[in-house]
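# Descriptive structure summary
One letter stands for each residue in the lines below.
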Amino acid sequence: MNVAIKMLSVATFVLWATILVFSATAAFSVTGINFGVGELEMLPSTNGVTFSLPFYINNNGYYDLADLNITTRVTDNSGGLIDQTETFVPLISVGENVSTAHSIEIELDDILSMDHTTLLLEDGEFNVEIFGGLNFAKAVPVEISLNTTIPWGAPFADFSIGTVTASMLNSSHGEISIPISFENHAILDITGTVKLEVYNSNQQKIASGQALISAPSQQSYSGRIRVSVDQQGAMQITSSGRIHVIFETPMFTVDWWEQYG
């Protein structure tokens, strides 16, 4: 019995000594781990916008780092999920340096499928939940979480329609001139076809026309869309009404209604 007690005491001593040594070296090892985060970059992508967050970890400690996971959830103001992305690094060995980036893809098709047309017309921001975790020395899990926001620039910010005018070109045909303007606050260039359908105050469709427009990133656009009408259509134009705006690009198609007059 005494031998068993002595063996248990020795085992307990060894266990506590191991824990103390690990705790001391682990605490000191943490000071040898360098971690840094770069500046968030917004880059145009094939289908929308990419937010890229570069970061690095230099493991100059005594223990390996395992299962590094960074997960982001991007939601709108109502909590609707727009994107969820994970970056995983299985192992950062002692003496190893890792430099990579966590990327968040915001696709315009996803925004439009959620009926977020206002995001194309108005600047805003997205809510971002960030979850991070790793295993220190393959034994101690460490987790963090935080919330932040990322800005969103609308490609058709401050879209407006000026004074709509009609004129007769000859005895049978006329023309409706529709001035439009907007500011491209997005980081991607906008090039496509805008189609305008003109409805008078009696909800009668009196004309439609289209034109190619191009608005570079961070630039303003101002131009006139000229729509041909017959004599009857020219006579039906009223001082106020509605215009159905349909914009088509290789990335997306979006439509909305604007008042004129």
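What you are looking at is a predicted structure, and each value in this text was computed from that prediction instead of being measured.

Per the stated rule, a full pass over the model turns up eight aromatic pairs. When the ring of Phe159 is compared with that of Phe182, the centres are 6.0 Å apart and the planes differ by 15°; the resulting orientation is stacked. Residue Phe159 is located in strand β9 (residues 157–161), and its partner Phe182 is located in strand β11 (residues 173–183); the two are separated by 23 residues in the primary sequence. Using a relative accessible area of 2% as the deciding quantity, one classes Phe182 as buried. Feature note: the residues Phe156, Phe159, Phe182, Tyr221, Phe247 and Trp256 constitute an aromatic cluster, connected by ring pairs.

Where strand β2 (residues 41–44) meets strand β3 (residues 48–59), four bridges bridge the pair, whose relative direction is antiparallel. Directly across from Pro44, in β3, lies its bridge partner Val49. If you look at the hairpin formed by β2 and β3, you'll find three residues sitting between the two strands.

Bringing unusual backbone geometry into the picture now. Trans is the prevailing form of peptide bonds, just as negative phi is the prevailing case for residues other than glycine. Notably, Asp67 is not glycine yet its phi reads approximately 55°, a positive angle. Checked against the element boundaries, Asp67 lands in strand β4 (residues 65–75). The phi torsion at Gln218 lies on the positive side, around 65°, for a residue other than glycine. Position of Gln218 among the secondary structure elements: in the loop between β13 (205–215) and β14 (220–230).

Turning our attention to the pairing of strand β10 (residues 165–168). One ladder, built from four bridges, connects β10 with β11; its direction is antiparallel. Looking across to β11, one finds that Ala166 is bridged to Ile176. Between β10 and β11, which follow one another and run antiparallel, lie four residues.

Another aspect to go through is the confidence of the model for the protein. Overall, the prediction assigns the protein a mean pLDDT of 78, with 84% of residues at 70 or greater. Between residues 1–29, whose pLDDT stays under 50, and residues either more than four places distant or in other chains, the model counts 12 contacts.

A few words now on the layout of surface pockets. Estimates place the volume of the largest pocket at around 680 Å³. Lining the largest pocket are 28 residues, with Phe35, Leu68, Ile70, Gly132 and Ile144 positioned closest to its centre. Within the residue set of the lining of the largest pocket, elements represented by two or more residues are β1 (33–37), β3, β4, β6 (97–107), β7 (124–136) and β8 (140–152). A breakdown of the residues in the lining of the largest pocket according to their chemical character gives 21 nonpolar, six polar and one charged. A volume near 170 Å³ is recorded for the second largest pocket. Asp76, Asn77, Thr118, Leu119 and Glu125 are, among the 10 residues lining the second largest pocket, the residues nearest its centre. If you list the elements that add at least two residues to the lining of the second largest pocket, you get α3 (118–121) and β7. The element best represented in the lining of the second largest pocket is β7, accounting for three residues.

Taken as a whole and judged by the stated rule, the model has four salt bridges. Across the salt bridge formed by Glu129 and Arg73, the nearest N and O atoms sit 2.8 Å from each other. Of this pair, Glu129 sits in strand β7 while Arg73 sits in strand β4; the two residues are 56 residues apart in sequence, bridging distant segments of the chain. On the accessibility criterion, Glu129 (27% relative accessible area) is partly exposed. Exposure remark for Arg73: the relative accessible area of 26% places this residue in the partly exposed category.

Conventions used here
Residues numbered from 1 in each chain as written. Predicted model: local features only at pLDDT ≥ 70, side-chain atom pairs only at ≥ 80, totals over all residues. Heavy atoms only, no water. Phe/Tyr/Trp six-rings, centres within 6.5 Å; stacked < 30°, edge-to-face > 60°. Helix = DSSP H or I, 4+ residues; strand = E, 2+ residues; numbered from the N terminus. Buried < 20%, exposed > 50% of the residue type's maximum accessible area, 1.4 Å probe, protein only. Pairing = 2+ DSSP bridges. pLDDT = per-residue confidence, 0-100. Contact = heavy atoms within 4.5 Å. 1 Å grid on protein atoms, 1.4 Å probe; cavity = no way out; pocket = protein on both sides within 12 Å on 5 of 7 lines; lining within 4 Å. Points joined across faces, edges and corners; volume = space filled by probe spheres on them. Nonpolar A, V, L, I, M, F, W, Y, C, P; charged D, E, K, R; others polar. Salt bridge = Lys/Arg side-chain N within 4 Å of Asp/Glu carboxyl O.

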